[in-house]
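Per-entry structural report
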Amino acid sequence: MVRKVVVTFPAGSAGRSLTYELIKKFDIMFSIIKADIDAGRRGKLVLELDADEDRIRKAIKYMEESGVEVSPLESKIKYDSTLCISCGACTSSCLSGALSIKAPDWKLVFQPDKCILCKLCLTACPLRLFSTEFAD
Ligand code: SF4
Ligand code: SF4
């Protein structure tokens, strides 16, 4: 199974070799979807964990017992394509490339699999067409 989680490190512990431990102790495959870590401050990772349910559960328990906050990435972005005028304002906010406008039709394309849930598009769109909803 694959599960996306938000991992928040307390200040001063962002340098922990968490990713190494996930592999070594629990044999978990993972991808770092987003990283926001500064020395001496709280750090945040969005991870996609890939393993069976039991190993993921144990890994999450281990991280929590190590003082790391783990929460499910439970919302997703949706937008009302019927009202979109393809002005492109949202694409410059979308650093992951989930939103793009390209030739030949110059219409907005949303690729949810690239979305890192930064929510910048919620305020970037002048028509406020973006919102969040719970993931399936
Ligand atoms: S939430 Fe962020 S990554 Fe996702 S579509 Fe909006 S701007 Fe792009
Ligand atoms: S900013 Fe809003 S109206 Fe403009 S392209 Fe993006 S979704 Fe469409």
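Here goes a summary of the coordinates provided. Remember, it's a predicted structure, so these values are computed and weren't measured experimentally.

**Some details on the sheet that holds strand β3 (residues 43-50)**
If you walk across this open sheet you meet the four strands as β2-β3-β1-β4, and the pairing is antiparallel. Of all the strands in the sheet, just β2 (29-36) and β4 (69-72) have a single pairing partner and so form its edges. Averaged over all adjacent pairs, the angle separating strand axes in this sheet is 25°, with direction ignored. With four bridges joining them, strand β1 (residues 2-9) and β4 adopt antiparallel strand pairing. Within β4, the residue paired with T8 across the bridge is E69. With respect to the sheet, helix α1 (residues 18-26) is in contact with β1, β2 and β3, its orientation differing from that of β3 by roughly 25°. The sheet strands contacting helix α2 (residues 53-65) are β1, β3 and β4, and the helix crosses β1 at an angle near 5°.

**Describing unusual backbone geometry**
Cis peptide bonds are those with omega within 30 degrees of zero, and the linkage from A103 to P104 qualifies with 10°. When you line up the elements, P104 lands in the loop between β6 (99-101) and β7 (108-110). Despite not being glycine, D27 has its phi angle at roughly 55°, a positive value. Turning to its location among the elements, D27 is positioned in the loop between α1 and β2. Assessed through its relative accessible area of 51%, D27 is described here as exposed. Even without being a glycine, S86 presents a positive backbone phi close to 50°. By secondary structure assignment, the location of S86 is in the loop between β5 (75-79) and β6.

How each quantity is defined
- Residues numbered from 1 in each chain as written.
- Chains lettered and ligands numbered in written order.
- Predicted model: local features only at pLDDT ≥ 70, side-chain atom pairs only at ≥ 80, totals over all residues.
- Heavy atoms only, no water.
- Pairing = 2+ DSSP bridges.
- Helix = DSSP H or I, 4+ residues; strand = E, 2+ residues; numbered from the N terminus.
- Axes fitted to C-alpha atoms, helices over the stretch in contact; angles between N-to-C directions.
- Contact = heavy atoms within 4.5 Å.
- Buried < 20%, exposed > 50% of the residue type's maximum accessible area, 1.4 Å probe, protein only.

In short, geometric facts, not functional conclusions.
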